[in-house]
Amino acid sequence: MSEGSMSEGVREVNFDGLVGPTHNYAGLAHGNVASMRHGGLTANPREAALQGLDKMKSLMEAGYAQGVLPPQQRPDLGALRDLGFTGDDANVLARAAQEAPQLLRAVCSASSMWTANAATVMPSADAPDGRVHFTAANLQSSFHRYLEPRTSARVLAAMFRDETHFAHHPVLPATPAFSDEGAANHTRLCGAHGEPGVHLFVYGRQAFGGQHGPTRYPARQTLEASQAIARQHGLSDAQTVFAQQNPEAIDAGVFHNDVIAVGNGPVLLYHDMAFRDEDATLDALRARMSTPLIPVRVPSEAVSLEEAVSTYLFNSQLLSNSDGSMTLVVPGECQENETVWRTIQDLLLAGYNPISEVLVKDVKQSMRNGGGPACLRLRVALSSAERQALGGRVLLDEALHGDLSAWVERHYRDRLAPGDLADPQLAQESLTALDELTQLLGIGAVYPFQLV
């Protein structure tokens, strides 16, 4: 079961985010039902990181190309100092814990583990200049994620550093009008990964217009942000479809499109409440795609919006196999829900679409904070020459998996409660771990503490 149809040696590499040492349940993400529900619980950073590495290893062993992305520097003491907390590190942490505990929780967030939000990526097959294009997401919708883009951009530039093959664009202005949440609201549909594709950008609201939006939870992606990224990357009208997310879905906890739809190759697996105008979205895709679109529609009668959100059925990875079939990688919560599991067996494996296999992975530590298998990875289609041009040691193999697992065992705690975030020793443990990680990955200095 290895990824096939490698047009000109192009393979889709899933770059999974390594869970950071400060992984905790702070309930920071408004509109993310799982995050809010589990806020205040005690987390296990070591288990979370090892669960992520286990998922990466199992897919690597199945023949899929797998990469890794490092976590952010946390706690972000620089952000606290910018907000007026002074003194040495211990004093800054103590004052923040006493005066603004929500700020402390925010600057300790390990949310960068969900690398689907790190950037929007366009492969070289679609680019006028024949390069892979990246725009790091501004994530301005929430403070704890707004802290990520500068480091994310440095990490991506360090890994994809060869300007012959890779192009990096400025982060969009961090204002509500250009609110950008990265690849979680972007799907590329195509034949083989090396063939030209069509880019589906899904937005929650239009900043300069009067379209109806959600009323309970915020719409995090704007049409204007998606259009700007398409312009940055040189995409034409014939290569793009812009579709509004269903406001009812957002109000039900579908904070990103990848919680309600997932695409791979010509297949679009989606809930019938995914788009505000389902028919217009499908018609636009069909009009632009050179390969026939294969829509796999899950009706509300089979899986309710509530079940879709609680199990993250659509926040699954959809991967191509050498025989033309596809494998769906779902979180364990899907198997635990009788209705969802029956739908997977009856609908997805029915034979009229390429999905022929389901793999179940335990990512509970991530799920409790609102991120399933698809949240944990950034998809980058790369030719053999582009893979060889990667900087550092970032493509997973047995040796790297062993080194990363041992690194986690050395540096990560097996218990972290919100009250532990003020511990200055945790901050030092994190810096020590990250400094060692950059050497292990060979990506150079990317963190603020390494750049001073």
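Residues numbered from 1 in each chain as written. Predicted model: local features only at pLDDT ≥ 70, side-chain atom pairs only at ≥ 80, totals over all residues. Heavy atoms only, no water.

Chemist: Would you mind going over the sheet that holds strand β9 (residues 261-264) with me for this structure?
Modeler: Strand pairs in the sheet, formed through backbone hydrogen bonds, run parallel or antiparallel to each other. Strand order across the open sheet formed by three strands is β9-β10-β11, with mixed pairing between neighbours. Here the strands that pair on one side only, and so sit at the sheet edges, are β9 and β11 (294-298). Shown here is a sheet whose adjacent strand axes are inclined to one another by a mean of 10 degrees, direction ignored. Two strands pair when backbone bridges link them, and strand β10 (residues 267-271) and β11 are joined in this way by five bridges, in the parallel orientation. Bridge pairing links Leu-268 to Pro-295 in β11. Contacting β10 and β11, helix α10 (residues 278-288) runs over the sheet at an angle of about 175 degrees to β10. (Pairing = 2+ DSSP bridges. Helix = DSSP H or I, 4+ residues; strand = E, 2+ residues; numbered from the N terminus. Axes fitted to C-alpha atoms, helices over the stretch in contact; angles between N-to-C directions. Contact = heavy atoms within 4.5 Å.)

Chemist: I'm lost on the packing of helix α16 (residues 398-411) against helix α17 (residues 424-441) in this one. Help?
Modeler: The relative placement of two packed helices comes down to the angle between their axes together with the axis-to-axis distance. Here α16 crosses α17 at 170 degrees, and the two axes come no closer than 11 Å. Considering the angle they form, α16 stands roughly antiparallel to α17. On the side of α16, the interface is formed by Leu-400, Asp-403, Leu-404, Trp-407, Arg-410 and His-411, while α17 contributes Thr-432, Ala-433, Glu-436, Leu-437, Leu-440 and Leu-441. Considered class by class, the residues forming the contact of α16 with α17 number seven nonpolar, two polar and three charged. (Parallel < 35°, antiparallel > 145°, perpendicular 65-115°, else oblique. Nonpolar A, V, L, I, M, F, W, Y, C, P; charged D, E, K, R; others polar.)

Chemist: Which parts of the structure should I look at to understand the sheet that holds strand β14 (residues 355-361)?
Modeler: Read from one edge to the other, the open sheet built from three strands follows the order β12-β13-β14, with strand pairing classed as mixed. Two strands in the sheet have a free side with no partner beyond their single neighbour: β12 (317-320) and β14. When the angles between neighbouring strand axes are averaged without regard to direction, this sheet yields 25 degrees. With four bridges joining them, β12 and strand β13 (residues 326-331) adopt antiparallel strand pairing. Along β13, the bridge assignment pairs Gln-317 with Val-329. On top of the sheet, helix α2 (residues 45-61) reaches β12, β13 and β14; it is set at about 150 degrees to β14, its chief contact. In this fold helix α13 (residues 338-348) packs onto β13 and β14, with an angle of close to 160 degrees to the strand it touches most, β14.

Chemist: It is not clear to me how α17 should be interpreted in this structure. Could you clarify?
Modeler: What sets the pattern is the α-helix's 3.6 residues per turn: residues three or four places apart point alike. The first and last C-alpha atoms of α17 sit 26 Å apart over 18 residues, in line with the 26 Å expected at 1.5 Å per residue. Inspection of α17 places Leu-426, Ala-427, Ser-430, Ala-433, Leu-434, Leu-437, Thr-438, Leu-440 and Leu-441 among the buried residues, and these make up the whole buried set. Taken end-on, α17 shows its buried residues confined to a sector of 150 degrees, consistent with a single buried face. If you follow the buried residues of α17, they end up packed against β2 (65-69), α4 (89-99), α16 and α18 (448-451). You can read the cap of α17 off the contacts: a side-chain oxygen lies 2.9 Å from the backbone nitrogen of Gln-425, and it is on Asp-423. Once α17 finishes, Gly-442 follows within two positions and takes phi at roughly 65 degrees, a positive value. (Expected span 1.5 Å × (residues − 1). Buried < 20%, exposed > 50% of the residue type's maximum accessible area, 1.4 Å probe, protein only. Arc of directions from axis to C-beta. Polar contact = N/O pair within 3.5 Å; in protein donor to acceptor, adjacent residues only side chain to side chain.)

Chemist: Looking at this model, I keep getting lost on the side chain of Arg-74. Mind explaining?
Modeler: By the element assignment, Arg-74 lies in the loop between β2 and α3 (77-82). Leaving out residues up to four positions away in the same chain, Arg-74 has contacts with Thr-22, Val-107, Cys-108, Ser-109, His-144, Leu-147, Glu-148, Ser-430 and Leu-434.

Chemist: Please explain the packing of aromatic side chains as it appears in this structure.
Modeler: Any two aromatic rings considered together are summarised by their centre-to-centre distance and by the angle between their planes. Using the criterion set out here, one finds eight aromatic pairs in the structure. Taken together, a centroid distance of 4.5 Å and an interplanar angle of 35 degrees make the contact between Phe-134 and Phe-160 tilted. Here Phe-134 is found in strand β4 (residues 132-136), whereas its partner Phe-160 is found in the loop between α7 (149-159) and β5 (166-169), with 26 residues between them in sequence. Comparing Phe-134 with Phe-160 shows no difference in burial state: the two are buried. Plain terms: the ring middles of Phe-160 and Phe-166 are 5.2 Å apart, the flat faces sit at 80 degrees to each other, and that makes the pair edge-to-face. On the accessibility criterion, Phe-166 (2% relative accessible area) is buried. Ring-pair connections join several aromatic residues into one group, and the members of that group are Phe-15, Phe-134, Phe-160 and Phe-166. (Phe/Tyr/Trp six-rings, centres within 6.5 Å; stacked < 30°, edge-to-face > 60°.)

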